[in-house]
Amino acid sequence: MSAPSQPTGGQILVDSLVQHGVTDIFLIPGIQLDWAVDALRQRQDDIRLFVPRHEQSTTYMADGYYRASGKVGTAMVVPGPGALNAGAGLATAYASNSKVMFLAGQVHATGVGKGYGLLHEIKDQTGFIAGLTKAHHFVSGADQIAGTLAKAFADLHAGRARPVGVEVPHNYLSTRLEAMPDTTPLAAAPAAELDVASLEQAASLLNNARLPVLYVGGGIVAANASEALRELAEKMGAPVVMSDNGRGAISDRHPLAMNSLAGRAVFEHADVVFVIGSRFMDSLTPTPSWTGSGVRYIYLNIDPADLTAPRQVEVSIVADAAVALPALTDRLTPRQAMSASDLQAVRQWAQAQIDQVQPQAGFITAIRDTMDDDAIFVNELTQVGYLARVAFPVYQPRTYIGPGYQGTLGYAFPTALGAAVAAGGKRVVAVTGDGGFGWSLQELATARRYQLPVTLIVFNDGHYGNVRAIQKRQFGAEVAVELTNPDFSHLARAFDVGYARADTPEALRAALREANGQAGPVLVEVKLGEMPSPWHLLRLQPMPGMGSGEAPANPLGEPRA
């Protein structure tokens with residue numbers, strides 16, 4: 001498209017998005033965005049528009065889009081309530097290290113912060129957006145739109161992957177300039193040189209360790225460093241324990257791959273732990289994920305903030321994992337730190353404990369059995385989803401999406417829709433509970449409108465099931481957890497979405513195979529009652545009070561003193 005004469009600020013903004021590689025945008029239009037949305041109408045050959053039914057879904061979809069593809073997810077909403085509604089998805093993207101470009105309209109530039117009561121005005125929109133992003137930019141004039149977007153995208157691609165926010169007063173979007181400014185992206189900042197001394201020290205620790213263990217987080221996936229990780233692990237013959245965010249960093253079929261439950265066995269015997277691309281922090285208390293004594297720690301992270309206390313760091317490497325891991329691998333001595341028989345024994349030990357948690361384990365097996373290796377699974381905070389954190393096998397990077405530490409209930413369905421947009425026709429399978437589905441059931445309209453190949457499995461127990469279980473365990477009673485649900489078959493029919501009912505793992509397997517043959521969305525309902533808690537199997541160290549009897553003996557023998 002040739003550059004328009006006397007372009008509007010909206011046209012400049014959209015041209016900047018195109019120049020920065022944006023091909024899809026998730027938005028809900030409104031009066032402060034009119035000139036930007038009209039500019040998008042003019043460029044629909046360059047940018048596809050996806051319009052959900054709630055502003056929270058714009059950022060959830062952008063998050064899922066990035067995590068399924070590695071491409072920037074872009075969301076745009078009106079100021080005030082629009083931006084606030086989008087906050088939950090933005091917080092989840094921040095917690096999950098997602099590159100999301102968040103574009104928020106603003107009131108008239110001369111009224112920002114004045115309290116005039118302008119439409120959609122809130123006291124400090126800038127402050128709350130800045131609190132949910134790693135960098136924030138405020139456009140100060142129509143002639144600054146292109147430069148501001150260039151700086152914002154440069155921030156987005158620098159360092160740790162996290163969202164970046166841009167606010168644009170609506171009067172700048174309707175302002176005309178004499179000519180289209182330069183919208184060329186800024187050159188990437190040069191990467192910092194690796195600290196050779198730290199690499200040498202790390203290599204020495206790993207080469208001399210009795211049992212080195214690798215613990216990896218989402219930083220491996222964000223850095224596209226899975227192959228580098230595999231080569232390093234194979235050279236050492238060391239187990240790779242994957243966090244929730246790190247699932248898929250290497251295939252669960254690889255003999256060195258371990259979930260966090262299996263990680264308990266090897267951590268009890270480890271003398272050196274190499275933490276790569278992970279915060280390595282407990283989810284409820286400000287303590288490291290493992291607090292066992294006698295372990296020496298090496299940390300590799302692109303964010304220096306994740307190398308600080310209360311973590312006990314002997315060697316720290318601030319670098320991109322894709323750059324640092326090959327350099328470190330070159331310095332390692334080939335070995336088999338853990339025998340094939342011990343690796344297999346640990347994996348079988350963990351799986352045996354998972355298999356005892358029924359019916360959840362059976363449902364998870366049914367889901368995995370009906371999915372291709374490269375199909376995308378979006379997990380949710382529900383009883384089946386909790387166990388899936390350790391029980392669902394993942395075979396490729398970017399095929400497992402979880403909520404991160406934000407734990408945003410109800411995020412899975414809209415996030416799966418964004419993942420489906422990015423996945424180019426691959427089927428996306430998401431699980432949710434009837435409680436969480438209430439946050440986003442209106443997005444059945446979005447799934448139907450765009451014929452997105454998403455299979456949503458709603459596990460329906462008529463309650464906020466996990467809250468109910470905690471209340472009964474902690475207090476011996478329950479309150480405020482019972483739900484009144486719609487008839488989900490009627491709901492699916494109202495939105496012209498495929499529906500199936502499956503109340504056993506065998507029936508779910510059959511329903512999912514049939515769903516795989518459909519072109520668009522399918523809702524599968526699974527009705528069930530109370531289920532056993534899976535929480536005693538989650539995380540490297542079980543949460544206090546979540547025990548389920550005596551744990552089976554460590555397959556590697558008694559933990560070292």
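To be clear, the structure that these remarks concern was listed above.
Parameters and conventions
Residues numbered from 1 in each chain as written. Predicted model: local features only at pLDDT ≥ 70, side-chain atom pairs only at ≥ 80, totals over all residues. Heavy atoms only, no water. Helix = DSSP H or I, 4+ residues; strand = E, 2+ residues; numbered from the N terminus. Rg over C-alpha atoms; globule rule 2.2 N^0.38 Å. Buried < 20%, exposed > 50% of the residue type's maximum accessible area, 1.4 Å probe, protein only. Contact = heavy atoms within 4.5 Å. Lys, Arg positive; Asp, Glu negative; His and termini not counted. Charge placed at Lys NZ, Arg CZ, Asp CG, Glu CD. Axes fitted to C-alpha atoms, helices over the stretch in contact; angles between N-to-C directions. Parallel < 35°, antiparallel > 145°, perpendicular 65-115°, else oblique. Left-handed = near helix turned anticlockwise from the far one by under 90°. Nonpolar A, V, L, I, M, F, W, Y, C, P; charged D, E, K, R; others polar. 1 Å grid on protein atoms, 1.4 Å probe; cavity = no way out; pocket = protein on both sides within 12 Å on 5 of 7 lines; lining within 4 Å. Points joined across faces, edges and corners; volume = space filled by probe spheres on them. Arc of directions from axis to C-beta. Pairing = 2+ DSSP bridges. Salt bridge = Lys/Arg side-chain N within 4 Å of Asp/Glu carboxyl O. Core = buried A, V, L, I, M, F, W, Y, C linked by side-chain atoms within 4.5 Å. Right-handed = clockwise from strand over helix to strand, strands pointing away. Polar contact = N/O pair within 3.5 Å; in protein donor to acceptor, adjacent residues only side chain to side chain.

Caption draft 1: Structural view of the overall build of the chain. Counting its secondary structure elements, the chain contains 22 helices and 18 strands. Taken over C-alpha atoms, the radius of gyration comes to 24 Å for the chain, in line with the 24 Å a tight globule of 561 residues would show. For the C-alpha atoms alone, the extent of the chain along its principal axes is close to 75 × 60 × 45 Å. The burial tally for the chain puts 57% of its 561 residues in the buried class. Here the contacts in the chain between residues at least 6 apart in sequence split such that 77% fall between residues at least 24 apart. A distance of 1 Å separates the average location of the 43 positive side-chain charges in the chain from that of its 52 negative side-chain charges.

Caption draft 2: Representation of the packing of helix α15 (residues 360-369) against helix α22 (residues 505-515). Interaxial distance between α15 and α22 falls to 9 Å at its minimum, and their mutual angle equals 20°. Judged by the angle between their axes, α15 and α22 are roughly parallel. α22 is crossed by α15, and the crossing has right-handed handedness. Within the contact between the two elements, α15 uses Gly362, Phe363, Thr365, Ala366, Ile367 and Asp369 and α22 uses Pro505, Leu508, Arg509 and Leu512. Of the residues assigned to the contact of α15 with α22, the class counts are 6 nonpolar, 2 polar and 2 charged.

Caption draft 3: Seen up close, empty space enclosed by the protein. Tallied over the entire structure, the rule returns 2 cavities of 30 Å³ or more. In this structure, the largest cavity spans a volume of roughly 180 Å³. Lining the largest cavity are 17 residues, with Arg67, Ser96, Val221, Asn245 and Tyr400 sitting closest to its centre. Elements that contribute at least two residues to the lining of the largest cavity include exactly α3 (55-69), α10 (218-222) and β14 (400-401). In terms of residue count, α10 provides more of the lining of the largest cavity than any other element does, 4 residues in total. Taken together, the residues of the lining of the largest cavity break down into 6 nonpolar, 7 polar and 4 charged.

Caption draft 4: Quick look at helix α11 (residues 226-236). Regarding α11, the residues found buried are Ser226, Ala228, Leu229, Leu232, Ala233 and Met236. An end-on view of α11 places all buried positions within 160° of arc, on one side of the element. On its buried side, α11 packs onto α9 (196-208), β7 (212-216), α10, β8 (240-242), β10 (272-276) and α13 (321-329). One or two steps after α11, the chain reaches Gly237, where phi turns positive at roughly 65°.

Caption draft 5: Molecular detail of the sheet that holds strand β13 (residues 376-378). Spatial ordering of the open sheet is given by β14-β13-β15-β16-β18-β17, a layout of 6 strands whose pairing is parallel. The outermost strands of the open sheet, each flanked by one partner alone, are β14 and β17 (498-501). In the sheet, strand β15 (residues 428-433) pairs with strand β16 (residues 454-460) via 6 bridges, with the strands oriented parallel. The residue bridging Val429 from the neighbouring strand is Thr455, located in β16. Along the sheet face, helix α17 (residues 412-423) touches β13, β14, β15 and β16 and points at about 175° away from the line of β15.

Caption draft 6: Summary view of the pattern of salt bridges. Here the structure, examined in full by the defined rule, presents 24 salt bridges. Of the charged contacts in the structure, one is a salt bridge between Asp244 and Arg389, with a shortest N-O distance of 3.9 Å. With Asp244 in the loop between β8 and β9 (257-258) and Arg389 in helix α16 (residues 383-391), the pair connects residues that are 145 residues apart, well separated along the chain. Look at Asp244 and you get partly exposed, because its relative accessible area is 33%. Put simply, Asp496 and Arg448 hold a salt bridge, and the shortest N to O gap is 2.9 Å. You can see Asp496 sitting in the loop between α21 (488-494) and β17 and its partner Arg448 sitting in helix α19 (residues 444-449), a full 48 residues away along the chain. Sharing partners across several salt bridges, the network here consists of Arg160, Arg162, Asp303, Asp306 and Arg311.

Caption draft 7: Expanded view of the nonpolar core. One finds Leu229, Phe267, Phe274, Leu325, Ile367, Ile457 and Leu508 to be the most contacted residues of the largest nonpolar core, which totals 101 residues. Broken down by element, this core gets its largest block of residues, 6 residues, from α16. Within the second largest apolar cluster, 47 residues are counted, among which are Phe26, Phe50, Ile129 and Ala430.

Caption draft 8: Broad picture of the pairing of strand β5 (residues 135-138). Of the two faces of β5, only the one carrying Ala135 and His137 is buried; His136 and Phe138 on the other face are not. By the bridge criterion, 4 bridges tie β5 to strand β6 (residues 164-169) in an arrangement that is parallel. The partner of His137 across the bridge, within β6, is Val166. In this fold, β5 hands off to helix α7 (residues 145-157), which returns the chain to β6; that crossover is right-handed.

Caption draft 9: Representation of the environment of Ser16 in the model. Of note, Ser16 is situated in helix α1 (residues 9-19). On the accessibility criterion, Ser16 (0% relative accessible area) is buried. Setting aside residues up to four positions removed in sequence, Ser16 forms contacts with Ala146, Leu149 and Thr183.

Caption draft 10: Quick look at the environment of Val275. Among the structural elements, Val275 can be located in strand β10. The class for Val275 is buried, based on a relative accessible area of 0%. Residues Val275 and Tyr297 lie 22 residues apart in sequence; the distance between their C-alpha atoms is 7.3 Å. In contact with Val275, other than residues within four places in its own chain, are Tyr215, Phe280, Tyr297, Ile298, Tyr299 and Leu300.

Caption draft 11: Molecular detail of the side chain of Thr415. Tracing the chain through its elements places Thr415 in helix α17. A relative accessible area of 0% means that Thr415 is categorised as buried. In this structure the side chain of Thr415 is engaged in a polar contact, spanning 2.7 Å, whose partner is the backbone oxygen of Tyr411. Setting aside residues no more than four positions away along its own chain, Thr415 makes contact with Tyr60, Gly64, Val378 and Ile401.

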